[in-house]
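Topology and contacts: notes
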Amino acid sequence: MPHAIGFSLDQPAPRLLVSVRDTREAVEAAGAGADLVDAKDPDEGALGSLAPDTVRAITLAVGGRACVSAVAGEAAGLGDLVTRIRVTAACGVGMVKVALSPALAADPDLERLAGALGALGTPTVAVLFAEDGPRTEWLPNLALAGFAGAMIDTRGKAGLRLTDHLTLSALTDFVMACRRLGLLSGLAGSLTLDDIPRLSGCGPSYLGFRGGLSVGSDRRGRLDPARVSEARRRLAPVAA
Ligand SMILES: O=C[C@H](O)COP(=O)(O)O
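Residues numbered from 1 in each chain as written. Predicted model: local features only at pLDDT ≥ 70, side-chain atom pairs only at ≥ 80, totals over all residues. Heavy atoms only, no water.

Some thoughts on the UniProt feature "active site" (unreviewed entry) in the protein chain
UniProt records the feature "active site" (unreviewed entry) for K40 and K97 in the present numbering. The greatest C-alpha distance among the residues just named is 9.9 Å, despite their covering 58 residues of sequence, which places them together in space. Within the annotated group just given, the residues that line the largest pocket are K40 and K97. Structurally, the position occupied by K40 is in the loop between β2 (36-39) and α2 (52-62). The class for K40 is buried, based on a relative accessible area of 3%. Ignoring anything within four residues of it in the chain, the contact list for K40 reads S19, V20, R21, A46, G48, L50, V71, K97, D153 and R219. Within the element layout of this structure, K97 appears in strand β4 (residues 95-99). With residues near it in sequence (within four places) discarded, K97 still touches L17, D38, K40, L47, S69, A70, V71, A72, G73, V125, V127 and M151. (UniProt positions renumbered as here; feature names shortened; annotations may be inferred. 1 Å grid on protein atoms, 1.4 Å probe; cavity = no way out; pocket = protein on both sides within 12 Å on 5 of 7 lines; lining within 4 Å. Helix = DSSP H or I, 4+ residues; strand = E, 2+ residues; numbered from the N terminus. Buried < 20%, exposed > 50% of the residue type's maximum accessible area, 1.4 Å probe, protein only. Contact = heavy atoms within 4.5 Å.)

Here is the structure:
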């Protein structure tokens with residue numbers, strides 16, 4: 001049985017999402033305090049998906065100590081979106097992440113997905129890229145389509161970080177708009193440990209990391225469990 005997301009919109013502090021490439025990193029991340037162990041191929045950019053067998057192995061290795069999420073890549077259209085979500089959910093994960101282009105996020109036909117997403121029963125988060133200037137106007141469409149949440153990440157992983165693209169005020173507006181619609185919200189994009197206090201202040205459901213918690217800050221290198229523990233420590237409850 002997959003570990004459910006297990007957190008609500010009213011939690012006192014953001015949860016910690018850590019992207020991992022294999023079972024060893026998955027066990028390390030869960031052991032160091034990750035709430036969401038995110039199966040992703042960091043060699044393939046922002047939304048590189050791992051082979052289904054690897055995702056299944058990661059889910060088994062984590063064994064319910066954390067929620068396992070998995071990346072389903074970037075959808076080319078509505079049909080492709082459903083297929084990607086189905087294939088990834090079938091790996092037994094607790095949450096699916098799939099990237100949407102601006103055109104797809106704003107597509108009124110997205111609502112037709114609601115039945116399919118509901119039937120799957122695996123919460124799916126829509127990933128929007130900071131480079132696309134994600135708009136809060138897209139969020140009602142995502143809610144109608146049955147997404148459980150929305151997150152912003154950066155498509156590029158070798159230059160500008162999340163906070164280079166979007167102000168804290170814009171990020172807070174995004175998070176609050178998600179909350180009003182009953183959507184979980186996530187923020188990611190070359191975040192470092194030092195980003196944790198100010199981004200926690202935006203009130204997201206979770207913060208996502210790879211490079212900032214890797215040895216030498218190299219997202220293609222190995223995960224650094226000591227940095228994961230430190231991130232866990234710094235994710236203190238947000239003051240009311
Ligand atoms: O989903 C979160 C991403 O894996 C973040 O990766 P990054 O911290 O290297 O930008």
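What follows continues from the structure just given.
Comments concerning the environment of P123
Residue position: P123 is located in the loop between α5 (114-120) and β5 (124-129). Once the C-alpha coordinates of P123 and M95 are considered, the two residues, 28 residues apart in sequence, prove to be 5.0 Å apart.

A word on the layout of surface pockets
Looking at the largest pocket, its volume works out to about 270 Å³. Residue lining of the largest pocket: 21 residues in total, with S190, L191, G211, G212 and R219 positioned closest to the centre. Elements that contribute at least two residues to the lining of the largest pocket include exactly β1 (15-20), β6 (149-153) and β8 (206-209). Considered class by class, the residues forming the lining of the largest pocket number 6 nonpolar, 9 polar and 6 charged. (Points joined across faces, edges and corners; volume = space filled by probe spheres on them. Nonpolar A, V, L, I, M, F, W, Y, C, P; charged D, E, K, R; others polar.)

Regarding empty space enclosed by the protein
Where empty space is left in the structure can be found by rolling a water-sized probe over the atoms. Overall, the coordinates contain 1 cavity of 30 Å³ or more when judged by the stated rule. The computed volume of the largest cavity comes to approximately 40 Å³. Lining the largest cavity, in full, are S8, L9, Q11, V175, R179, L183, L184, S185, G203, P204 and S205. Within the residue set of the lining of the largest cavity, elements represented by two or more residues are α8 (168-180) and β7 (184-188). Its residues placed into classes, the lining of the largest cavity shows 5 nonpolar, 5 polar and 1 charged.

Comments concerning the pattern of salt bridges
Counted under the stated rule, the structure contains 22 salt bridges. With a shortest N-O distance of 2.7 Å, R210 and E25 are connected by a salt bridge. Of this pair, R210 sits in the loop between β8 and α10 (225-234) while E25 is found in helix α1 (residues 23-31), placing the two residues 185 residues apart along the sequence. Note on R210: relative accessible area 4%, which makes it buried. (Salt bridge = Lys/Arg side-chain N within 4 Å of Asp/Glu carboxyl O.)

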